[in-house]
Amino acid sequence: MLDLAARLRGLPPSLGPVRLLGVDGHAGSGKSTFAGRVAAALGGAPVLHLDDIASHEQLFEWTDRLMAQVIRPLARGESAHYTPYDWQARTFTAPLPLPAAPVVLVEGVGAGRRALRPHLALLLWMELPRQESWARGRRRDGAEQREFWDGWVKAEHAHFAEDPSRPHADLLVRQAPEGYEVLPGPASTGGPDQSVTQSNSPSSLW
C-alpha cells in the first residue's frame, strides 16, 4: 500500500525549501476537499486556493499576481502574502500569509498551468469528466450563480484548450466509495500502475 503522505514528504523541494503540490481539475471535481484531506494528512500543510487569486475580471489571467505574491517569495524561502478576492464584494481584501512550509498545496482550476509547472514538485489531476464536474458545481452553487457558471464554463473550456493540465499530471485522483483511488498520471515515470484506496477520514490517506 502506497503511503501517499510519506511520498509527498519525501519529494525533493521544488520552490526554494518548499515542495509545491498542484491539485488541478475541472470546476466541481472535488479539488478543495481532496487538497484539504491531503493537507490534514501532512499535519496541517498550508493550502492556497486559486479562487482567492482569480477574480471576476481575471478568471484565468492571474499568473503575474500569483508569481509576485506567492511564487517569488516562497522561492526565496520567505513567507508569501497574497490578497484574497472577495467574490461577493468584488474586491481584493487584506493580505494573508502563506508560510514557506516543507509542503504547500495550491489547488484550483489552472494549478497545473504551463507557467506554474516548473515550480511544482508534483501535479495531481482530479479524474472526473468535465460535464459531471460542472453539473456538481452548478448544484453546489445554486440557481443564483447560473449566469456566472455559464460564463465560467466557456472560460474554463478555452483555458484547458490552450493550456491543458491533465497531460502533465503525475497522479490521477478518482473518488471512490471509500475514499480516493490514486493512479499514475500521463506524466508519471514511476513504473507499473499502482492504486491507493484511501479513507475518507481527514486524518489519514489510507
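A. A look at the nonpolar core. Among the nonpolar cores identified, the biggest contains 36 residues, and Leu20, Leu48, Leu66, Val70, Ile71 and Leu98 are the most heavily contacted of them. Among the secondary structure elements, those contributing two or more residues to this core are α3 (63-75), β3 (80-82), β7 (103-107), β8 (122-126) and α5 (146-162). Of all hydrophobic cores here, the second largest spans 24 residues; its members include Val23, Ala121, Leu124 and Leu171.

B. Main features of the pairing of strand β1 (residues 19-24). Within β1, six of the six residues are buried, which leaves it mostly tucked inside the rest of the structure. In β1, alternate side chains face the same way, and those of Arg19, Leu21 and Val23 on one face and Leu20, Gly22 and Asp24 on the other are all buried. Relative to β7, β1 is paired through five bridges, and the arrangement is parallel. Looking at the pairing, Leu20 lines up with Val104 of β7. With four bridges joining them, β1 and β8 adopt parallel strand pairing. Residue pairing in the sheet places Val23 in a bridge with Leu124 of β8.

C. Representation of the packing of aromatic side chains. Applying the stated criterion across every chain, the model contains seven aromatic pairs. Members of the aromatic cluster, joined through ring pairs, are Phe60, Tyr85, Trp87, Phe92, Phe148 and Trp152. The lysine or arginine in question, Arg113, covers the ring of Trp62, its NZ or CZ lying 3.8 Å from the ring centre.

Cut-offs used in this document
Residues numbered from 1 in each chain as written. Predicted model: local features only at pLDDT ≥ 70, side-chain atom pairs only at ≥ 80, totals over all residues. Heavy atoms only, no water. Core = buried A, V, L, I, M, F, W, Y, C linked by side-chain atoms within 4.5 Å. Buried < 20%, exposed > 50% of the residue type's maximum accessible area, 1.4 Å probe, protein only. Helix = DSSP H or I, 4+ residues; strand = E, 2+ residues; numbered from the N terminus. Pairing = 2+ DSSP bridges. Phe/Tyr/Trp six-rings, centres within 6.5 Å; stacked < 30°, edge-to-face > 60°. Lys NZ or Arg CZ within 6 Å of the ring centre and 35° of its normal.

Note that every value here comes from positions in space, so none of it alone points to a role or purpose.
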